[in-house]
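Observations on the model geometry
In case you want the letters, here they are:
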Amino acid sequence: MAETSDIHPVILCGGSGTRLWPLSRRSRPKQFADLLGDETLFQASIRRVAAKGFAAPMVVTADDYRFVVTEQLDEIGVTPRAVVIEPAARNTAPAILAAARLVAARDPEAVMLVLPSDHAIPDAAAFRAAVAEGLAAARDGRLVTFGIRPDRPETGYGYLELAPGGGDGAQPLRGFVEKPDAERAAVMLAEGHYLWNAGIFLFRADAVLAAFAAHCPDLVEPVAGAVDAAEPDLSFLRLDAAAWSGARDISIDHAVMEKAENLSVVPFAGAWSDLGDWQALWRVDGGGTVTHGDVVAIDCAGSLLRAEREGQVLVGIGLTDIVAVSMGDAVLIADRNRAQDVKLAVDRLKAEGLPQAHQHPIDYRPWGYFESLAQGDRFQVKRITVKPGQSLSLQSHHHRSEHWIVVQGTARVTIDDAVHLVSENQSVYIPLGAVHRMENPGKLDMVLIEVQTGSYLGEDDITRYEDVYARK
């Protein structure tokens, strides 16, 4: 088997995963959720390439996710080569081109492995073996993609058509096939020379840069400008927004892969899923009746039932082929065979201006997270968790006062010129307009209940004076 030395993983981490609503939303997409176990999909993707012969990963993500990326990397003890921040979502082609320029700046012939952050591949060793099979072709200057051996006539994936005469390892690729209808998918499955397009790539940095120059030259200048003018921001590398705005939204397949001639594909026969919808998650979890959380299923078949809120019980009786997902602020009930249509529900919620379309009920911040427990006219109650050693910004509010009751740990509270230590079962009042800050000086999570009262309770009623996270 070929050696997998000097492979540079690039993890794409910017998707919103709306077909897994209400669990996955724009503010907290599926790659950061523990859908299949104790680790998130993002963490599992990182671990998949945290092995001998692989360099430290580069993560390309959005500004909103930069702190959750570093937090989840810390949790599994991985130090990234870089966390690159895209100023705006522009699909996979600009992200990959930017990563290639950064890799090539150190070594033009370095081999890059580009991975989505939200796929399920249970057998990491088998996946790394497949990567090793494509390494020689990639070092030869070919653009290598990976295809999954299909086990059903799937209409939700694009396909790769193998050229005749292929053997083991990297093979010539005849072309790409868009998502087929059911009849065409059944024919391709029977013919046996089609693979699902996994959206995973292996190539030398200089080879993919040359491919962009030849097949999608209009992207080169804006992306190069964004990389060349990139600036450090804390531990992140922030691409230049002005230059990046000139890059169009296009996938790597449409920009380069469907036009290039130096293509190879490595078939992968192991288990794989892009977890693109609830049907896919149900299938990965083994089919039958799949439950998660506090669920009681009575005489149910072929259904997926998930209760996501602590203290909430979901009961299903006589359900067949149903998806039911309950959260604190939204509940989804759908025919499992219409899982792809969940995106239509999200679009409807957006059109009606409902925050559930994009905002997760738990709001994650670099210092911890909070959850709204109750809200009414001129008041709101939140549960706030601050991680050890972390602090909120020094801030004030124009329209609300706050009352904090510590229920776990100790808070160091600044109110104007006074500093207080507030322990469990103690409280403190923050008058309207007072400049204040909350810190956790302890070694365990600090939890408090916040009661807000005032004429306006929106999260944008914050004037920041100091912030250790450099948020604007």
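Every chain's residues receive numbers from 1 upward, in the order its sequence appears when written. Confidence filtering applies because this is a predicted model: local features only for residues at pLDDT of at least 70, side-chain atom pairs given and counted only at 80 or more, and all residues used for totals across whole chains, interfaces and linings. To obtain the side-chain values, all non-hydrogen atoms of the structure were used and water was disregarded.

The name that an unreviewed UniProt entry assigns to the protein is mannose-1-phosphate guanylyltransferase, with the source organism given as Jannaschia ovalis. Under the UniProt heading Catalytic activity (unreviewed entry), the note attached to the protein is "alpha-D-mannose 1-phosphate + GTP + H(+) = GDP-alpha-D-mannose + diphosphate". UniProt positions are given in the numbering used here, feature names are shortened, and annotations may be inferred rather than shown by experiment. What UniProt records for the protein under Sequence similarities (unreviewed entry) is the sentence "Belongs to the mannose-6-phosphate isomerase type 2 family."

**A look at the overall build of the protein**
Secondary structure follows DSSP: runs of H or I at least 4 residues long count as helices, runs of E at least 2 residues long count as strands, and numbering of each begins at the N terminus. What the protein contains, in helices and strands, is 11 helices and 28 strands. In summary, the protein has a C-alpha radius of gyration of 24 Å against a globular reference of 23 Å for 472 residues, a match within 12%. The principal-axis extents of the C-alpha atoms in the protein amount to approximately 75 × 60 × 40 Å. Relative accessibility thresholds used throughout: buried, under 20% of the residue-type maximum; exposed, over 50%; partly exposed, between the two (1.4 Å probe, protein chains only). The burial tally for the protein puts 51% of its 472 residues in the buried class. Any two residues having at least one pair of non-hydrogen atoms within 4.5 Å are treated as being in contact. The contacts in the protein between residues at least 6 apart in sequence include a share of 69% that link residues at least 24 apart. Using a 1.4 Å probe, the Shrake-Rupley method yields the accessible areas, and only the shown protein chains count as cover for residues. Element-wise, carbon and sulfur atoms account for 49% of the exposed surface of the protein, whose accessible area totals about 21,000 Å². Across the protein, the centroid of the 45 positively charged side chains sits 1 Å from that of the 64 negatively charged ones. We take the radius of gyration over the C-alpha atoms and set the globule estimate at 2.2 Å times the residue count to the 0.38 power. Here Asp and Glu are counted as negative and Lys and Arg as positive; His is not counted, and neither are the chain ends. Every charge is mapped onto a representative atom, which is NZ of Lys, CZ of Arg, CG of Asp or CD of Glu.

**A word on the side chain of Asp467**
Locating Asp467 in the fold gives a position in the segment after β28 (463-466). Setting aside residues no more than four positions away along its own chain, Asp467 makes contact with Ser393 and Arg437.

**Some words on helix α6 (residues 205-215)**
Turning to α6, its buried residues are Ala205, Ala207, Val208, Ala211 and Phe212. Axial view of α6: buried residues confined to an arc of 165°, hence all on one face. Those residues of α6 that are buried are in contact with α3 (92-106), β4 (111-116), β5 (143-148), β8 (194-204), α7 (220-228) and α9 (252-257). Of all possible arcs, the one meant is that of the directions from the helix axis to the C-beta atoms.

**Some words on the packing of helix α1 (residues 41-48) against helix α2 (residues 66-75)**
Any two packed helices are characterised by how steeply their axes cross, that is the angle between the axes, and by the distance between the axes. Only C-alpha atoms enter the line fits that serve as axes; for helices the fit covers just the stretch in contact. Angles between N-to-C directions range over 0 to 180 degrees. Running from N to C, α1 and α2 cross one another at 55°; their axes reach a closest spacing of 10 Å. Viewed along their axes, α1 and α2 adopt a mutual orientation that is oblique. In terms of crossing hand, the pair formed by α1 and α2 is right-handed. For the pair α1 and α2, contact is made by Phe42, Gln43 and Ile46 and by Val69, Gln72, Leu73 and Glu75, respectively. Any angle between 65 and 115 degrees counts as roughly perpendicular, while under 35 counts as roughly parallel, over 145 as roughly antiparallel, and the rest as oblique. Handedness of a crossing is defined here by the sense of rotation of the near helix relative to the far one, left-handed for an anticlockwise turn of less than a right angle and right-handed for a clockwise turn.

**A look at the pairing of β4**
With 6 of its 6 residues buried, β4 lies for the most part within the structure. Side chains of β4 alternate between two faces, with Val111, Leu113 and Leu115 and Met112, Val114 and Pro116 buried alike. One bridge is not enough; two strands pair if DSSP finds at least two bridges between them. Here strand β1 (residues 7-13) runs beside β4; their pairing, made up of 6 bridges, is parallel. Across the sheet, the residue bridging to Val10 is Val114, located in β4. Across 4 bridges, β4 lies against β8 in antiparallel orientation. Opposite Val114, over in β8, you have Phe201 as the bridge partner.

**Some thoughts on the nonpolar core**
With 62 residues, the main nonpolar core has Phe42, Leu113, Phe146 and Leu202 as its most contacted residues. We call a set of buried Ala, Val, Leu, Ile, Met, Phe, Trp, Tyr and Cys residues a nonpolar core when their side-chain atoms join them within 4.5 Å. Formed by 50 residues, the second largest nonpolar core is a distinct cluster that contains Leu160, Leu173, Trp244 and Ala247.

**Brief notes about the side chain of Glu86**
Relative to the assigned elements, Glu86 resides in strand β3 (residues 82-86). In this view, Glu86 contacts Val60, Thr61, Ala62, Asp63, Asn91, Ala95, Leu239 and Trp244; residues no more than four positions away in its chain are not counted.

**Observations regarding the sheet that holds strand β18 (residues 362-365)**
Strand order in the open sheet formed by 6 strands is β18-β19-β20-β27-β22-β25, with antiparallel pairing between adjacent strands. Strand pairing shows two members of the sheet lacking a second neighbour, β18 and β25 (427-430), which therefore form its edges. Across the sheet, the axes of successive neighbouring strands diverge by a mean angle of 20°, strand direction being ignored. Of the pairings in the sheet, the one linking strand β22 (residues 400-408) to strand β27 (residues 446-454) comprises 8 bridges and is antiparallel in character. The partner of Glu402 across the bridge, within β27, is Gln452.

**Focus on the sheet that holds strand β14 (residues 304-307)**
Reading across from one edge, β12-β14-β16-β17 is the order of the 4 strands in this open sheet, with mixed pairing throughout. Strands at the two margins of the open sheet, each flanked by one partner only, are β12 (290-292) and β17 (331-335). Sheet twist, expressed as the average angle between the axes of neighbouring strands with direction ignored, equals 5°. Of the strand pairs in this sheet, β14 and strand β16 (residues 322-326) are connected by 4 bridges, and their pairing is parallel. Residue pairing in the sheet places Leu304 in a bridge with Val323 of β16.

**Looking at a nonpolar patch on the surface**
A cluster of nonpolar side chains, contributed by Val296, Ile298, Val313, Val315 and Ile317, occupies part of the molecular surface with about 440 Å² of accessible area. Elements that contribute at least two residues to the nonpolar patch include exactly β13 (295-298) and β15 (314-317). For Val315, the location among the structural elements is in strand β15. Each patch is assembled from residues with relative accessible area greater than 30% and no salt bridge, linking like charges that lie within 9 Å and nonpolar side chains (Val, Leu, Ile, Met, Phe, Trp, Tyr) that lie within 5 Å. Counted as salt bridges are all cases of a side-chain nitrogen of Lys or Arg within 4 Å of a carboxyl oxygen of Asp or Glu.

**So, the environment of Lys30**
Position of Lys30 relative to the elements: it lies in the loop between β1 and α1. Between the C-alpha atom of Lys30 and that of Thr18, which follows or precedes it by 12 residues, the distance is 8.5 Å. In the analysis that follows, any N or O atom pair within 3.5 Å is treated as a polar contact, provided that within protein one partner can donate a hydrogen and the other can accept it, and provided that, for residues neighboring in sequence, both atoms belong to side chains. A polar contact is formed between the side chain of Lys30 and the backbone oxygen of Asp274, at a distance of 2.8 Å.

**Section: the packing of aromatic side chains**
Here a Phe, Tyr or Trp ring, Trp counted by its six-membered ring, pairs with any other such ring whose centre lies within 6.5 Å, and the pair is stacked when the planes are under 30 degrees apart, edge-to-face when over 60, and tilted otherwise. Tallied over the full model, the rule gives 11 aromatic pairs. Their ring planes at 65° and their centres at 5.1 Å tell us that Tyr157 and Trp272 sit as a pair that is edge-to-face. On the criterion of sequence distance, the pair formed by Tyr157 in the loop between β5 and β6 (159-162) and Trp272 in the loop between β11 (263-268) and α10 (278-284) is long-range, its members being 115 residues apart. No difference in accessibility class separates Tyr157 from Trp272, as the two residues are buried. Relative to Trp272, the ring of Trp196 has its centre 6.3 Å away and its plane inclined at 45°; by these criteria the two rings are tilted. One end of the pair, Trp196, is in strand β8; the other, Trp272, is in the loop between β11 and α10, and 76 residues separate them in sequence. Relative accessible area serves as the criterion here: at 3%, Trp196 is assigned to the buried category. Taking relative accessible area as the criterion, Trp272 reaches 10% and is therefore assigned buried. Three or more aromatic residues joined by ring pairs make a cluster, and in this case those are Phe32, Phe42 and Tyr65. Sitting above the plane of the Tyr364 ring, Arg28 keeps its charged end 3.3 Å from the centroid. Look at NZ for Lys and CZ for Arg. If either is within 6 Å of the ring centre and within 35 degrees of the ring normal, a charge sits over the ring. The side chain of Lys382 reaches across the aromatic face of Phe370, ending 4.0 Å from its centre.

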